[in-house]
Amino acid sequence: MKTHHILLSSLLILCGSFSLACAKGKAWTEPETASKENPDFLIQGEYFKKDNLGIQVVALGDGNFQASIHQGGLPGAGAKGKPTVLKGRTSDGKTQLMGPEGQSLVISEGKAKLEGVTCKKIERKSPTLGQAPPKGSTILFDGKTNAFNPGKTRGKYLAEGQISKGKFKDFHLHIEFRTPFKPATKPGSQDRGNSGVYIFNNYETQVLDTFGIKAEFNFCGALYRTKAPDVNMCLPPLSWQTYDIHFTAPRFEDQKKTNNARITTLHNGIKIHDDFELKKGTGAGGGRPEKPESHIHLQGHGNPVSYQNIWLLPKD
């Protein structure tokens, strides 16, 4: 029994370490390292032709890929209707994917060619990335101030698995996060960069690498197991992303709830939840008593998710 416990503890320590291999594949935490060690990282990403076409290419490991083809542009930037999904792989130095109706997508030298249309690879950035905290804000993490417990960092960034030292009520929370590159793990899997911004340990906004796939109620930006994001604004893994969360806490009188919590969320500058009423907590948080004020949690699930530039502006 003692040996079993030692082995289990060793496995948990290994799988909690960044850039190490776990049961479901290696996780890269830095784009520079991923670029050098895995050629698929340079192919995955977004390709775009203005007012015409958007392509999101997802690495599946060992040279395999899938791509979502969006007519009109990328999600949040002109995409219309349901995307078409193509699948394929890199072979003999050529990356080619095929669609259900024989469509052919060829990716080479930073360009993706689909049926005579050429899209260039781009790197979208959130318009609120790096945003300075407004006057009156509480700095939670900026590399110098670290207002979390246990306050563990990964290099110069805050690691997952944190609880704010302070308690809060109504606020605008700005937070920047980066999911790891785990191509061997199935897209949408809860092991692909899983974390979460948990308000009061009741209401979770999911953090997960769900780049390039259909939004569901437990994918990135979702109010976990409660509401899917209106748009899947997830950027490729190892891209810095932003949440701007406007939260109104529930109200109580004589320990009885009189008003439900409400939330508006912008993911990479695009509104994905609009003043949504939270009648109870999300997921497991729905079984916990609601509170008029409490902490901010950054969940840890054995995936190396990094955070930076976290601030909170209280609201009157």
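Scroll up a little and you will see the structure.
Definitions and cut-offs
- Residues numbered from 1 in each chain as written.
- Predicted model: local features only at pLDDT ≥ 70, side-chain atom pairs only at ≥ 80, totals over all residues.
- Heavy atoms only, no water.
- Helix = DSSP H or I, 4+ residues; strand = E, 2+ residues; numbered from the N terminus.
- Rg over C-alpha atoms; globule rule 2.2 N^0.38 Å.
- Buried < 20%, exposed > 50% of the residue type's maximum accessible area, 1.4 Å probe, protein only.
- Lys, Arg positive; Asp, Glu negative; His and termini not counted.
- Charge placed at Lys NZ, Arg CZ, Asp CG, Glu CD.
- Core = buried A, V, L, I, M, F, W, Y, C linked by side-chain atoms within 4.5 Å.
- Contact = heavy atoms within 4.5 Å.
- Pairing = 2+ DSSP bridges.
- Axes fitted to C-alpha atoms, helices over the stretch in contact; angles between N-to-C directions.
- Disulfide = S-S within 2.5 Å.
- Salt bridge = Lys/Arg side-chain N within 4 Å of Asp/Glu carboxyl O.
- Polar contact = N/O pair within 3.5 Å; in protein donor to acceptor, adjacent residues only side chain to side chain.

Requested: an account of the overall build of the chain, with residues and values cited.
Counting its secondary structure elements, the chain contains three helices and 25 strands. Relative to the compact-globule value of 20 Å for 316 residues, the chain shows a C-alpha radius of gyration of 20 Å, a close match. Dimensions of the chain along its principal axes, counting C-alpha atoms only, are 65 × 55 × 35 Å. Within the span of the chain, comprising 316 residues, buried residues form 50% of the whole. When the 42 positive and 30 negative side-chain charges of the chain are each reduced to one mean point, those points stand 2 Å apart.

Go over the nonpolar core, please, and point to the residues and values.
Within the largest apolar cluster, 33 residues are counted, with the highest numbers of intra-cluster contacts made by F171, L173, V197, I199, F247, Y307 and I310. No other element matches strand β16 (residues 171-178), which puts four residues into this core. Leaving out residues up to four positions away in the same chain, F171 has contacts with I199, F200, I245, H246, F247, I296, L312, L313, P314 and K315.

For unusual backbone geometry, give the residues involved together with the corresponding values.
Cis geometry marks the peptide bond from N149 to P150, where omega comes out at 5°. Tracing the chain through its elements places P150 in the loop between β12 (148-149) and β13 (153-154). Positive phi outside glycine occurs at E109, with the angle close to 50°. Within the fold, E109 resides in the loop between β8 (104-108) and β9 (111-114).

Account for the sheet that holds strand β10 (residues 117-122), with residues named and values stated.
Note: strands within a sheet are paired through backbone hydrogen bonds, in either parallel or antiparallel orientation. Strand order in the closed barrel formed by eight strands is β3-β4-β5-β6-β7-β8-β9-β10, and the pairing between neighbours is antiparallel. Looking at each pair of strands side by side, their axes are set apart by 25° on average, direction ignored. Sheet topology places β9 next to β10; four bridges connect them, and they run antiparallel. Counterpart to K111 in the pairing with β10 is K120.

For the state of the cysteines, give the residues involved together with the corresponding values.
Tallied over the entire structure, the rule returns zero disulfides. Its sulfur unpaired, C234 is 4.1 Å from the next cysteine sulfur, which belongs to C220. What makes C234 buried here is its relative accessible area of 1%.

With reference to specific residues and values, describe the pattern of salt bridges.
Tallied over the entire structure, the rule returns 12 salt bridges. Residues K182 and D191 are paired through a salt bridge, measuring 3.0 Å at the closest nitrogen-oxygen approach. Judged by relative accessible area, which is 18%, D191 ranks as buried. When salt bridges that share partners are traced, they join R262, D275 and E277 into one network.

Lay out the side chain of N268 in plain terms, naming residues and giving numbers.
Relative to the helices and strands, N268 is located in the loop between β22 (261-267) and β23 (270-278). Judged by its relative accessible area of 7%, N268 falls in the buried class. A distance of 2.9 Å separates a polar atom in the side chain of N268 from the backbone nitrogen of T242. A distance of 3.3 Å separates a polar atom in the side chain of N268 from a polar atom in the side chain of H267. With residues near it in sequence (within four places) discarded, N268 still touches S126, P127, M233, L235, Q241 and T242.

Account for the sheet that holds strand β17 (residues 195-199), with residues named and values stated.
As summarised here, the arrangement of the five strands in space is β12-β15-β24-β17-β18, forming an open sheet in which the pairing is antiparallel. With one partner strand each, in any of the chains shown, β12 and β18 (203-207) form the two edges of the open sheet. Bridging between β12 and strand β15 (residues 162-164) involves two bridges; their strand directions are antiparallel. Paired with N149 across the strands is I163, a residue of β15.

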